[in-house]
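# Working through the structure, step by step
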Amino acid sequence: MENREERPAYEQVPTPPERGLLHIWQSAGPIEELSLGRVLLSRPVLQVTLGEHHGLLLTQGSQVYSFGELLWRDLSIPLSAPVLEESLLGKSVVRVAAGGFHCGALSEQGNVYMWGENTAGQCGLTEKGTVTNITVSEPCLVSVVDSEVVPPAVVRVMDLACGREHSLALSSQNELWAWGSGCQLGLVTNNFPVWRPQKVEHLAGRHVIQVACGAYHSLALVRSLLPQNNNTLRPPEKKERGQSPHSSVTEREESLTADDAHYCPLGVELSEVLIGETTPRRRGPRRRLHPVGRSAGSSPGSGSFPYSGDGKSSTAQKLPELDGHADHLTQTDGRPVSHPLPCWGANKNSAFPDEMELQNILQKLSGHSLETQPINGPGDTDSLSSHTSDDSCVSSTPSTDLLISSNSGVSGPYSSSPVCLEEVRLCLEAEKKGLQGQKSSSLTNIHQKGKTAGNRRCSLPGTPTHGRNGSPRRRRPCPCKPSSASRTQAAASEDAGDGLPSLETEVWSWGRGSEGQLGHGDQLARLQPLCIKSLTGEEVIKVSAGSHHSLALSAQCTVYSWGSNMCGQLGHVNSPVTVPQQAKLSDGLRIWDVSAGQSHSLLLADGDCVQPILLYCGQHQESLSARRETSHQSQRSCQRSPSRAEIYSVRPTLLPLCMEMGYISSVSCGGQSCAVLADQNVMGFISAIHELASRERHFYCWLSNTRKLLLTPLRNREGACPTLGEPCTHLFFSLCESFVRLSILIGRHATSLSYFLHDVQGADVKSLPLLTHTDDFLVIYKEYCFALGNFHVMGGFQSLHKLSLEVLGSQQSLLARLCVPDQSVSGDTDLVSLLYWPLQQLHQYSRVLLKLGSCYDVLTEEYQCLHQGCRHYESLSLSLLRRKKEAETTFLFWKSHSGKNTEVLRLPQRRVVCESSNRSLTLQKAGRFSNHWFILFNDALVHTQNAIPSQNFFSTHHVYPLTCLWVKPVTEDTRGLYAIKITCPEESFTLVASTPQEKNKWLRSLNQAVDQVLGGGGQGSSPGVTAISRTATYTFTGEGSFKDAHYTGGWLAGRVHGRGTMKWPDGQTYTGNFKNGLEDGYGESVMPNKVLNKPDGYQGQWRDGKIQGFGKYKYASGQVYEGCFYEGQRQGYGMLSSGKQARTSSSVFIGQWVQDRKTGYGVYDDITRGEKYMGMWLDDQRNGQAVVVTQYGMYYEGTFKENKMIGPGLLVSDDDTAFHGEFADDWTVNGKGVLSLANGDCLEGLFSGEWSTGLKVVGTYTKPAADEPDNKERNSLLLGQYLVPSAQRWGCVFTECWSRLGCAAAGRGERTIAWENIAVTITTAQRHSPNLSRSQSKALESLEFIPQQGEAVTTANFDNIRRYLIKACETPIHPLGWLVETLITVYRMTYVGVGSNRRLLRQAVQEVQAYLTHFFSLVRFLFPGLPDDGCIIPDPPASPSKSRHNSNTEGVVVVSCSSLLLPLLLPRLYPPLFTLYSLQEEPEEAQYWERIIRLNKQPDQSLLSFLGVQEKFWPVWMSILGEKKQIVSSSKDACFVSAVETLQQISTTFTPSDKLLVIQKTFEELTQEVKPMLEGNFLWCMDDLLPLFLYVVLRARIRNLGAEVSLIEDLMDPNVQHGEMGLMFTTLKACYIQIQHESTL
């Protein structure tokens, strides 16, 4: 062993800290003579954990200290000088755990460090070690890796527990991992040891809260599943080969066995394990681990364990010879097998009728023979708790129970009291009688005769057995103690998902169970975790495992214990001990922390004072005088007894020394030692925390008892409903539910406070649940008080008292346990006080928080948080006490005014405020003989007429809800009336008080009641000051448009105002804005249509209760109108579509409406007939000038009258045949006219007949002269003479835009109002459209900044206006944006589809120009500084030098409607417009394209020569990917490539200005390519330029070049027409014409 000097824990005398004080003492000493060992460290101790003979301390600063027998280092460290684990410095250790002979530490990052004995793999496969390591001397990292995920991930561990030969880790995902040896791992494996941590698959998917390790068993606290998921547990499996026959018996036991739905994992064969157990790893480290000069059985602070040199006890006795089967059973490999014991034959009820079958089973299960183990001496305190009886299914030694049954006299008395001895004797006899006649002894108690216990233990299937010469802890007197896992808040605090621990838990156990420590009602081993059903629903919040017994602590401060009770460590003598039983505690003791050691238990409880007390269960020695008396009696006794008698008490014993320790926060046990951590009461902080936790635990116990003893029996009573009555029954059930919710909250809070105390040093006071979950407390307390008050008001407590007499009967004394001090149990008022008592806890919260706040400076964040919480709870306490008083007053009011009339007004939630039975208030102008009684409730004002309050009679009454009641004091007039005006939605009246005091009283009461019902506190409201504007619900009853309508929304002084929803009984609804009692603003309405049995729907603007403004109306017939309304009628611009449901005729109209009729200009698209009408309307009829086009290419323009073509008109067919004359009906000719044929011939005369069927003609036929124009040109001259002027077509659209700007007509309005309307529109859109994208929100925000519109526009600020117009036109919410969207809609509706007729081109171009004119007038109205169309924008004033500089560098800016607005409109109008251009130029385009294809077949030089380009302009070199290559005669598409590519971009632009820029860039590229070939300055002449540019146009191969040229020519800015760009465009046009008409090409 390496010799190194251990550094002590201190180098100078440390100053004792005020927190984390550690006290340690030995449990076996006399209680009266216990001597505390106090560890003085310079840092507070955060955690202490004890092993069998060693311990670990975790101090502040993440420092870990060790003390005791460190066998892996051959060191013995005294408690007074613990040694620092230097290798853990800097690891941020947050938890430590001590096993039997190994240690573990957990870092803040979730890493596990293990060291100590590793013979069973309990330290795992560390990074520095190998499988052969039997000890790990220094802490080494153990990796917990989840290999099931891809890629494998390191598991973060948050809790650690250690047993004697195994270790358990709880991950941050609340999954359990195990390593080591034995069935206590819970792993599905038969290969031991398990060196690497493996997941406990049987608990996979379950939420594990806490784990604990005993010597050879494990416990886990698991969150319960939802009830519907309980059936997901694995069903019982069939018995396999080697399974214990006892399972068939235990399944039939109803009182003690586990539930069938839980998996009982027995029957795993471990033959390989048994073979491996004899390996040298169990024997090797034995003697090397003993300290030099110390006996193998001695340890500091414990009783000696005498061993002879050969390892056998000096007081050993041999067992009787085994008769009948004394010969060793030998296997084929020569290894000995177990010997059957003589008690097998003596057991009549054995489950093995055939001994040969028994021997076969034993031969399969055992790896060596059973040998006699020496009996432990008096100092071996574990001899009674099966230390020598290995808990494996096949033991290496006989059970200690066999020795007890042979009258060995090892067992000591339960207590020195004769009464206790008699109690024990009676319990044992009763248990024996109860177990007689059973077929199996597997369910027997530990106190049963040894032969039966021996049968049971030898019959269990494969669990690992250990050799006699194993680890030295086999010769130690104390089994192991699990790690200090008392502080489970790390897992439990997140258990419920809201920061509070859940009380819905289960306890699972597995491992060896020879002492019943698993709690399943038997003594069988479990290879995998199994739920202890008897603890389900008991609200277990912590588990602790001793060597061979287990403890469970519930939220109700009760302790359940089971397992070995040979030293009284269970705290009771109940039978059987194989299932959890409650420890016997004195009344008033509330346990809130437990810890189990080797053969003792330590309990931390609340006593009579705030300071906690300690209770001890288990073995302890008598005092010196008592030992002398006992020794004298023993000498006279004929019975054989140990030389040093040991006693233990049946009930937990109070340790008096606990009051000297301070405020204990946690307890820990291990081996024969006990340890506690305590704190000093610094500034009262610690006592305040303990007081809060103690009161809350006491409160929860009271709530649980009240629920169990009172509410649950009353609720489950079958006759509860007839006794209470139907209304009170529902209220009582609601009260019970709120009581349960309050109880659950308090239970979780009390548990959380216990966890807080365990870690009070490191916990933040701001994390107290009272501060972090304030809202939960406020809501649940209010809910409980509300339910209690409702039940009280309805007189439920009178009936409840009668019901309690029926249910409890003679058990009325049980209520005495629940009553608060100074209360009796007679009368219904006691139940009222009893159930109102929980409200007093709120004041206690406030008081304790105030006390905690006094420990901090007022400027600290902690003080502010505590002070704020104190105010919350104190305010709530006062508020709920007021509610209690209101409920009591209301109950007395109904009791004194009971009757049929008043019962109509009696509601659970209604509270009386005041009433005028003393004639203190009357109605103004009331009759002399009329009687009026006013009752003010918390929700309504009731007015009764012809009332006699003393007799509870009135003829009529009216209820005015306070939510819709406005109170206003009337100024005292000369008549001396003290009046109050009451305003309601449908009426108003005035109340007159008798005195000024009565007026003020009623005025204040009314205002406070209204304020409170509206959500205010109801306090501090001055007379006459109530919410004028509010949100409320009301149902109209009077005549009017709102009759019988139910409204929810805003109000203003008695009238609906703001946003709300109105619903009528017939199904009509309106949701939107109201103003002064009428619909006004944006709203959505649904109106039923009884004829079609479908509703109409409208979304849009309202004004004064009528549809007015822009909106969308969906008719029940399927038609949809989107446009403007005025007083409920369609007026102005609008579009009406027939909808999808109109199958017979589908049509769309867009245009002007007047008084719900089509009047003015509009476009009607008859989709069914394939016709489109563009013209004037009058009263839904076509009337006036119009154009009609059809899908067959027919074009008509003329006049309509009464929906018919009547009068002069022009009709042109698709083949250019035209008729110009008189029409009498649709497509019917009647009168004079001229018919022009496609070949130019004309027919003039009288015509009659329908165009499609044939014409009758009386006239003259003529042939055209040679110099006359062709028919196409003549028709083009005639087109347009009957059209509606373009400036008059869409005036309704522009009128609507002007109205949105606040102008009555075009240009008639104030500019400031226009900008205000724009700002309001944008702000409203932002408020009512929360789902706007980020870009839309930014666009709206940018539009909020208005450019300087009042100043003169200069070149400096012109760009600001232009950018604003671009953003405005891109935003449909802006009036200008709406205008652009609407113009695009009407344009596409006109010229798309059937409207794509080439004869409409001139009309379409003129319409675009009219748009620009109207639009420009709008822009100039908003920006009056803009000059007129075509004028120059002046430069800003500047210095002369700067002016000269600017004049030389900047061009002149000319403002025109086309340059400013065409880029905003034309890109979106481009598709239909360019389509018309293409159709118009289609014949010429065909000629042009044919020549383009033919000429592009020639090589470059040949084409250049053909076009007459001078050779000096011919390129010689061409560049391909940066490499120059010479142009040869066969090269093609190699010349002027950049110019050609630039000109091709003309098809990608939309506006004429952009297209002219492309042409300009083309000329520039052409010049750049020609310049290197020439010398000096070069100027183009048209003779040189035209052939060269003609080559570029040919090579560009632009489709529809004629349409491009025509569009530029029609829409280009006149200001550039005669400039440089105009010349370049003329060149392009000339090239196009030459390509088209030049025959030589």
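### Quick notes on the pairing of strand 51 (residues 1157-1166)
Judged by how many residues are buried, strand 51 sits mostly within the fold: 8 of 10 residues are covered. Judged from the 7 bridges that link them, strand 50 (residues 1147-1154) and strand 51 form a sheet pairing that is antiparallel. Within strand 51, the position partnered with Ser-1147 by the bridge is Asp-1166. Direction of pairing for strand 51 relative to strand 52 (residues 1171-1178): antiparallel, over a ladder of 7 bridges. By the bridge assignment, Gly-1162 is partnered in strand 52 with Gly-1175. Connecting strand 51 to the next strand, strand 52, in antiparallel fashion are 4 residues, including Gly-1170 with a positive phi near 75 degrees.

### As for helix 12 (residues 726-758)
Side chains that are three or four residues apart share a direction in an α-helix, a result of its 3.6 residues per turn. In this model helix 12 runs 48 Å from its N-terminal to its C-terminal C-alpha over 33 residues, within 8% of the 48 Å that 1.5 Å per residue would give. For helix 12, a buried count of 24 out of 33 residues is recorded, marking the element as mostly surrounded by other parts of the structure.

### Details of the environment of Leu-735
Among the structural elements, Leu-735 can be located in helix 12. The buried category is assigned to Leu-735, whose relative accessible area is 1%. Expressed as a C-alpha distance, the spacing of Leu-735 and Tyr-784, which sit 49 residues apart in the sequence, is 6.8 Å. If we skip the residues at most four places from it in the chain, Leu-735 touches Tyr-784, Ala-787, Leu-788, Phe-791 and Leu-835.

### Brief notes about the nonpolar core
In this structure, Leu-602, Leu-614, Tyr-781 and Tyr-845 are the most contacted members of the largest nonpolar core, which totals 111 residues. Looking at which element gives the most residues to this core, the answer is helix 10 (residues 685-715), with 14 residues. Every residue in contact with Leu-614, bar those within four places of it in the chain, is listed here: Trp-25, Leu-602, Leu-603, Leu-604, Thr-653, Leu-654, Leu-655, Cys-658, Met-661, Ile-664, Val-667 and Val-676.

### Notes on the sheet that holds strand 25 (residues 581-582)
In space, the 4 strands of this open sheet follow the order 22-23-24-25, with antiparallel pairing throughout. The open sheet terminates on both sides in strands that have one partner only, identified here as strand 22 (540-545) and strand 25. Across 5 bridges, strand 23 (residues 549-554) lies against strand 24 (residues 559-563) in antiparallel orientation. What sits directly across from Ser-550, in strand 24, is Trp-562.

### Section: the packing of helix 10 against helix 15 (residues 796-808)
The contact between helix 10 and helix 15 brings their axes to 10 Å, and the two run at 95 degrees. Here helix 10 lies roughly perpendicular to helix 15, going by the angle between them. Listed contacts from helix 15 to Leu-709, Leu-710, Pro-713 and Leu-714 of helix 10 are Leu-800, Leu-803, Ser-804, Val-807 and Leu-808.

### Observations regarding the pattern of salt bridges
Tallying each qualifying case throughout the model produces 40 salt bridges. Measuring nitrogen to oxygen at the nearest pair gives 2.8 Å for the salt bridge that ties Asp-522 to Arg-526. Owing to a relative accessible area of 3%, Asp-522 belongs among the buried residues under this scheme. For Arg-526, a relative accessible area of 2% translates into the label buried.

### Some details on the sheet that holds strand 11 (residues 135-142)
Spatial ordering of the open sheet is given by 8-9-10-11, a layout of 4 strands whose pairing is antiparallel. Strand pairing shows two members of the sheet lacking a second neighbour, strand 8 (93-98) and strand 11, which therefore form its edges. Going across the sheet, the axis of each strand differs from the next one's by a mean of 15 degrees, ignoring polarity. Both strand 10 (residues 112-117) and strand 11 contribute to a ladder of 5 bridges, which runs antiparallel. What sits directly across from Tyr-113, in strand 11, is Leu-141.

### Re the confidence of the model for the protein
Across the protein, pLDDT averages 78, with 73% of residues at or above 70. The low-confidence segment residues 1-14, where pLDDT is below 50, has 22 contacts with residues more than four positions distant or belonging to other chains. The low-confidence segment residues 1019-1025 (pLDDT under 50) makes 15 contacts with residues lying over four places distant or belonging to another chain.

### With respect to the layout of surface pockets
Approximately 2,100 Å³ is the volume attributed to the largest pocket. Gln-1101, Gly-1109, Phe-1110, Glu-1296 and Arg-1300 are the residues nearest the centre of the largest pocket, which is lined by 50 residues in total. Ranked by residue count, the leading element in the lining of the largest pocket is helix 23 (residues 1311-1328), at 7 residues. Here the residues of the lining of the largest pocket are counted per class, giving 19 nonpolar, 21 polar and 10 charged.

### Observations concerning the environment of Gln-523
By secondary structure assignment, the location of Gln-523 is in the loop between strand 20 (505-511) and strand 21 (526-531). A distance of 3.4 Å separates a polar side-chain atom of Gln-523 from the backbone oxygen of Ser-514.

### Some points on the state of the cysteines
Counted under the stated rule, the structure contains 0 disulfides. Cys-701 takes part in no disulfide bond, and the closest cysteine sulfur, belonging to Cys-557, lies 4.0 Å away. You can call Cys-701 buried: its relative accessible area is 13%.

### Quick look at the side chain of Ser-916
Mapped onto the secondary structure, Ser-916 falls in the loop between strand 33 (912-915) and strand 34 (921-923). Looking at Ser-916, its side chain comes within polar contact range of the main-chain nitrogen of Phe-934, at 2.8 Å. The contacts of Ser-916, once residues within four sequence positions are left out, are Leu-921, His-932, Trp-933, Phe-934 and Trp-1002.

### Points about the pairing of strand 27 (residues 600-606)
Within strand 27, 7 of the 7 residues are buried, which leaves the element mostly enclosed by the surrounding structure. Here strand 27 shows two buried faces, one formed by His-600, Leu-602, Leu-604 and Asp-606 and the other by Ser-601, Leu-603 and Ala-605. Pairing between strand 26 (residues 590-596) and strand 27: 6 bridges, direction antiparallel. Each residue of the ladder has a partner; that of Ser-595, found in strand 27, is Leu-602. Where strand 26 folds back on strand 27, the antiparallel hairpin that results is connected by 3 residues.

### Structural notes on the packing of aromatic side chains
For the structure on display, the rule yields 59 aromatic pairs. Each ring, one from Trp-966 and one from Trp-1051, has its centre 6.0 Å from the other, and the planes form 50 degrees; the classification is tilted. A residue pair is termed long-range when its members are at least 10 positions apart, and Trp-966 in strand 38 (residues 966-969) and Trp-1051 in strand 42 (residues 1046-1052) qualify at 85 residues. In this pair, the class of Trp-966 matches that of Trp-1051, namely buried. Relative to Phe-1125, the ring of Tyr-1121 lies with its centre 5.0 Å away and its plane at 80 degrees, an arrangement referred to as edge-to-face. Each member of the pair, Tyr-1121 as well as Phe-1125, is classed as buried.

So, how was this worked out
- Each chain carries its own residue numbering, running from 1 in the direction its sequence is written.
- Only residues with pLDDT of at least 70 are given local features in this predicted model, and only at 80 or more are side-chain atom pairs given and counted; all residues enter the totals for whole chains, interfaces and linings.
- Excluding hydrogens and water, the side-chain values take into account all heavy atoms of the structure.
- In this scheme, a residue with accessible area under 20% of its type's maximum is buried, one over 50% is exposed, and one in between is partly exposed, where area comes from a 1.4 Å probe on protein chains only.
- Per the convention used, a helix needs a DSSP run of H or I reaching at least four residues, while a strand needs a run of E reaching at least two, with both numbered from the N terminus.
- Strands pair, by our definition, only if DSSP identifies at least two bridges between them.
- Multiplying 1.5 Å by the helix residue count minus one yields the expected span of that helix.
- A contact between two residues is defined here by any heavy atoms of the two lying within 4.5 Å.
- Think of a nonpolar core as a cluster: buried Ala, Val, Leu, Ile, Met, Phe, Trp, Tyr and Cys residues, connected wherever their side-chain atoms sit within 4.5 Å.
- Helix axes are fitted only over the stretch in contact, all axes being lines through C-alpha atoms; the angle between N-to-C directions runs from 0 to 180 degrees.
- Roughly parallel covers angles under 35 degrees, roughly antiparallel covers those over 145, roughly perpendicular covers 65 to 115, and oblique covers all other angles.
- Throughout this description, the term salt bridge denotes a Lys or Arg side-chain nitrogen within 4 Å of a carboxyl oxygen of Asp or Glu.
- The quantity known as pLDDT measures the predictor's confidence residue by residue, on a range of 0 to 100.
- Cavities and pockets were defined on a 1 Å grid built from protein atoms only: a cavity is a group of points that admits a 1.4 Å probe but offers it no way out, a pocket is an open group of points flanked by protein on both sides within 12 Å along at least five of seven lines, and a lining residue is one with an atom within 4 Å of any such point.
- Grid points are joined across faces, edges and corners, and a volume is the space filled by probe spheres set on the points.
- Classes in brief: Ala, Val, Leu, Ile, Met, Phe, Trp, Tyr, Cys and Pro nonpolar; Asp, Glu, Lys and Arg charged; the others, Gly included, polar.
- Under this definition, polar contacts are N or O atom pairs within 3.5 Å; protein pairs additionally need one hydrogen-donor-capable and one acceptor-capable atom, and for neighbouring residues in sequence, both atoms have to be side-chain atoms.
- Cysteine sulfurs are considered disulfide-paired once they come within 2.5 Å of each other.
- For Phe, Tyr and Trp, rings pair up if their centres lie within 6.5 Å, where Trp contributes its six-membered ring, and each pair is then called stacked (planes under 30 degrees apart), edge-to-face (over 60) or tilted (otherwise).

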